[in-house]
Amino acid sequence: MRVDIISKEYPPNVYGGAGVHVTELAKALRVRGDIDVQVRAFGVPVEETGTTGYPDLVELTGANAALQTLGVDLTIAQDCGGADLVHSHTWYANMGGHIASLLHGIPHVISAHSLEPLRPWKAEQLGGGYRVSSWVEKTAYEAAAAVIAVSAGMRQDILRCYPSIAPEDVRVVHNGIDSTMWQADHSDAGKDICRKHGVDPDARSVIFVGRQTRQKGLPYMLRAARELPGDVQLVLCAGAPDTPEIGREIAGLIAELKTTRSGVVYIPEMLPREEVIALESNATVFACPSIYEPLGIVNLEAMACEVAVLATRTGGIPEVVVDGETGWLIDIEQVQDGTGIPLDEAAWVADLAAAMNEAVSDPERARRFGLAGRARAVERFSWSSIGDQTLEVYRSIL
């Protein structure tokens, strides 16, 4: 069986959970030895057998980003000839998979990592291209042979957003974690990494790791952090903003927070994995204040590093974080217009502040939750199991 996997993200160009998923899924399928896995990735990926990169078309230089994406998709679709099945990840790759399916008469499987109707703030990022990306996703999903949801919550979202899809065609296969790669680092070297970034590894801290995008909820967390005790550090590993607007908002909130308290550590660049592991391992609590999160690989990574997780009870997060066992889940009432914003933003910020204060109040309890989180991540979310489940989906449609 030859499977062509299409993805915008692939090492070294990984900036989100979808890229991690594709990387680990390809590895899990290839190690079996009975499947020819061809990865077709945007840009210039790592040099390895079975992986091909596709740069933007020079003819579309300066065009809307959505049109540049479609140009790459067309190039990829042509090269999928000879595959038994094509598997695309995120809207960026969906049209490549859809056209490859039509062109070569092969089934198209989609893994749903997010949904365009539930991310209306992307209009800030793409302008009219958001209407294009929404059309691409709808067209591809409704024609796919199967759709894989990364959580039961995501499956419900898919069927709500695209009711014409048959429920039996939407399967659940969770994201996973490589627990040998992600494990706690309490070594002296790990503590030195923390100090290098201005973090005291022996003091209490709350850490955030994620992109600066509306769905990650960082502005709410920054407002809630005003209520943290003065000795609690706030460590923000916040990558490049999706838009200048969200970047300015977050920068302003961080600057304001720094005027009222010490211990605010802002790390805007993408850190090597070993440095993220060191920072997470020596934190008291990992915070995930997302208002939209299909599953949340970042939570699995934190759990694998033995840190307790405090997260929003939304999307697929409750399928990963167990309230009162591996961390804390914060209830949220959300607007049902696709934005996911809290119905009462002030109340949500207050609830988030109370939960963060509760989480850091007992470091020993947080350590127990962290150990339980590690055990859950190892037992329930291995990539070998996820590879097997994905292969079952492939076989069911061939």
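Residues take numbers from 1 onward in each chain, read along the sequence in its written order. In keeping with the model being predicted, local features are shown solely for residues with a pLDDT of at least 70 and side-chain atom pairs are shown and tallied solely at 80 or more, while totals for entire chains, interfaces and linings include all residues. Calculated side-chain values reflect all of the structure's heavy atoms, with hydrogen atoms and water omitted.

K.L.:
Please explain the overall build of the protein as it appears in this structure.
P.N.:
A tally of regular secondary structure across the protein gives 14 helices and 13 strands. Radius of gyration (C-alpha) of the protein: 21 Å, near the 21 Å computed for a compact globule of 398 residues. Only protein chains enter the accessibility calculation, which uses a 1.4 Å probe; a residue is then buried when its area is under 20% of its type maximum, exposed when over 50%, and partly exposed in between. A buried classification covers 56% of the 398 residues belonging to the protein. Shrake-Rupley sampling with a 1.4 Å probe provides the accessible areas, and residues are treated as covered by the protein chains on show and by no other component. With the model as given, the accessible surface of the protein reaches about 15600 Å², and the carbon-plus-sulfur share is 52%. In summary, the charge assignment counts Lys and Arg as positive and Asp and Glu as negative, without counting His or the chain termini. Charge coordinates come from a single atom per side chain, which is NZ of Lys, CZ of Arg, CG of Asp or CD of Glu. Treating the 34 positive side-chain charges of the protein as one cloud and the 53 negative ones as another, the clouds have centres 1 Å apart. For helices the rule is a DSSP run of H or I covering at least 4 residues; for strands it is a run of E covering at least 2, with both sets numbered from the N terminus onward. Radius of gyration here is computed from C-alpha atoms only, and the compact-globule reference equals 2.2 Å multiplied by the residue count raised to the power 0.38.

K.L.:
Sorry, what's going on with the packing of helix H11 (residues 297-304) against helix H13 (residues 363-380) here?
P.N.:
Angle between the axes and distance between the axes are the two parameters that describe a pair of packed helices. Two elements in contact, H11 and H13, have axes separated by 7 Å at closest approach and are oriented at 115°. Both H11 and H13 take part in a crossing whose hand is left-handed. Residues Leu300, Met303 and Ala304 of H11 lie in contact with H13, whose contacting residues are Gly370, Gly373, Arg374, Arg376 and Ala377. Under the convention adopted here, Pro, Cys and the residues Ala, Val, Leu, Ile, Met, Phe, Trp and Tyr are nonpolar, Asp, Glu, Lys and Arg are charged, and Gly plus all remaining residues are polar. Broken down by class, the residue content of the contact of H11 with H13 amounts to 4 nonpolar, 2 polar and 2 charged. For every element, the axis is a line fit to its C-alpha atoms; helices are fit only across the contacting stretch, and the angle between N-to-C directions ranges from 0 to 180 degrees. Crossing chirality is assigned from the near helix's rotation relative to the far helix, an anticlockwise turn below a right angle marking it left-handed and a clockwise turn marking it right-handed. By definition in these notes, contact holds between two residues if any of their heavy atoms fall within 4.5 Å.

K.L.:
Help me out: how do you make sense of the pattern of salt bridges in this one?
P.N.:
Basic side-chain nitrogens of Lys or Arg form a salt bridge, by our definition, when they fall within 4 Å of a carboxyl oxygen of Asp or Glu. Applying the stated criterion to the full structure yields 24 salt bridges. For Glu275, the salt bridge goes to Lys196, with nearest N and O atoms at 2.7 Å. Of the two residues, Glu275 sits in helix H10 (residues 273-281) while Lys196 sits in helix H7 (residues 188-196), which places them 79 residues apart along the sequence. Looking at Glu275, the relative accessible area reads 12%, which means it is buried. Judged by its relative accessible area of 53%, Lys196 is exposed. When the shortest N-O distance is used, the salt bridge between Glu358 and Arg365 registers 2.8 Å. A relative accessible area of 37% means that Glu358 is categorised as partly exposed. Overall, the relative accessible area of 16% leaves Arg365 in the buried class.

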